[in-house]
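Given next are the chains, with one letter for each unit.
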Amino acid sequence: VLPAGAERAALVTTASVGFKEKDYHVPRLRSELEGLGLIVDAFDFDKQPASRLFAYQVIECIGGNPFYLVRRMREAHCEPYLQELKSSGLFIGVSAGSLAMQESMELVDHFSPELRMQAGGGNSTGMGITGVEILPHYRKYLPRFERFEERTEAYEQKSGRRVIRLDDGHGVFVDETEHFEIL
């Protein structure tokens, strides 16, 4: 799936508020990217300008607070890079990193409104890079939230969106035409 000539990857830690490069997922994710032959650099929108992203053919955003990630990406004006990456690179989102790329994070806000508040408020609009909408950690959240599936189905009915429910270890591959495959 790597783009032709891909040499460098940015591992974006911005969403992992309070942990960043010390997030316990970072060593494994770095190792996976290096296993693909990529040179991996940690990247944080809190410390680096979005223009530096043009040096990378692959970007992987780790989990954390998706509302914070979107806020910082918008403030960094990274939309041009993300649009270029959509057609000629590879974006990998883990949990919050994938949620942030959706058109809407309304479902996340429905279940965990404290995340939006912790990120400084704002709305539930994602970066809009993909129309595919996911719900990560599905089986983990079933017992955590009352009537989780029923509320998710109600959201689908009201919004007209299909939500792909993903368990840990599963993913969705979306190409530039919005064709997707559940992995």
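Look above for the structure.
Values in this document were obtained by computation on a predicted structure and should not be read as measured data.

This part is about the nonpolar core. Ranked by internal contacts, the top residues of the largest apolar core, which has 33 residues, are Phe 45 and Leu 53. Secondary-structure elements contributing two or more residues to this core are β1 (8-12), β3 (58-61), α2 (66-75), α3 (79-88) and α4 (96-99). Sorting elements by how many residues they give to this core places α2 first, with five residues. The contact partners of Phe 45, leaving out residues within four places of it in the chain, are Val 12, Thr 14, Ala 50, Leu 53, Leu 69, Arg 72, Met 73, Ala 76 and Cys 78. Membership of the second largest hydrophobic core comes to eleven residues, among which are Ala 9, Leu 29, Ile 62 and Leu 90.

Turning to the pattern of salt bridges, a few remarks are in order. In total, this model carries 16 salt bridges according to the counting rule given. In this structure, the salt-bridge partner of Arg 72 is Asp 46, at a minimum N-O distance of 2.4 Å. With a gap of 26 residues between them, Arg 72 in helix α2 and Asp 46 in the loop between β2 (39-43) and β3 connect regions that are remote in the sequence. On the basis of relative accessible area, Arg 72 is assigned to the buried category, the value being 16%. According to the relative accessible area criterion, Asp 46 is partly exposed, its value standing at 30%. Of the charged contacts in the structure, one is a salt bridge between Arg 72 and Glu 75, with a shortest N-O distance of 2.4 Å. In this pair, Arg 72 and Glu 75 both sit in helix α2, three residues apart, roughly one turn of the helix. Salt bridges sharing partners connect three or more residues here, namely Lys 20, Asp 44, Asp 46, Arg 71, Arg 72 and Glu 75.

A few words now on the sheet that holds strand β4 (residues 90-93). Strands sit in the order β2-β1-β3-β4 across an open sheet of four strands; the sheet is parallel. With one partner strand each, in any of the chains shown, β2 and β4 form the two edges of the open sheet. Across this sheet, the average inter-strand angle for adjacent strands is 20°, counted without regard to direction.

In this section: a nonpolar patch on the surface. A cluster of nonpolar residues, Val 1, Phe 173 and Leu 183, forms a patch on the protein surface that exposes about 320 Å² of accessible area. The topology assignment puts Phe 173 in strand β7 (residues 172-174).

This part covers the packing of aromatic side chains. Under the defined criterion, the tally for this structure stands at eight aromatic pairs. Note on Tyr 138 and Phe 148: the rings are 5.7 Å apart at their centroids and 40° apart in plane angle, and the pair reads as tilted. You can see Tyr 138 sitting in helix α7 (residues 138-141) and its partner Phe 148 sitting in helix α8 (residues 148-159), a full ten residues away along the chain. Across the pair, Phe 148 and Tyr 138 agree in class, each one buried. Summarising the aromatic geometry, the rings of Tyr 141 and Phe 148 are spaced 6.3 Å apart at their centres and angled 65° between planes, so their arrangement reads as edge-to-face. For Tyr 141, a relative accessible area of 21% translates into the label partly exposed. Judged by its relative accessible area of 2%, Phe 148 is buried. Members of the aromatic cluster, each reached through a chain of ring pairs, are Phe 111, Tyr 138, Tyr 141, Phe 145 and Phe 148.

Turning next to α3. Of all the residues in α3, the buried ones are Tyr 81, Leu 82 and Leu 85. The buried residues of α3 occupy an angular sector of 95° when projected down its axis, which confines them to one face. Every exposed residue of α3 that faces more than 90 degrees away from the buried side is listed here: Pro 80 and Ser 87. Looking at the buried positions of α3, the neighbouring elements they touch are β3, α2 and β4.

Calculation criteria
Residues numbered from 1 in each chain as written. Predicted model: local features only at pLDDT ≥ 70, side-chain atom pairs only at ≥ 80, totals over all residues. Heavy atoms only, no water. Core = buried A, V, L, I, M, F, W, Y, C linked by side-chain atoms within 4.5 Å. Buried < 20%, exposed > 50% of the residue type's maximum accessible area, 1.4 Å probe, protein only. Helix = DSSP H or I, 4+ residues; strand = E, 2+ residues; numbered from the N terminus. Contact = heavy atoms within 4.5 Å. Salt bridge = Lys/Arg side-chain N within 4 Å of Asp/Glu carboxyl O. Pairing = 2+ DSSP bridges. Axes fitted to C-alpha atoms, helices over the stretch in contact; angles between N-to-C directions. Patch = residues over 30% accessible without salt bridge, like charges linked within 9 Å, V, L, I, M, F, W, Y side chains within 5 Å. Areas by Shrake-Rupley, 256 points an atom, 1.4 Å probe, with all protein chains shown as cover. Phe/Tyr/Trp six-rings, centres within 6.5 Å; stacked < 30°, edge-to-face > 60°. Arc of directions from axis to C-beta.

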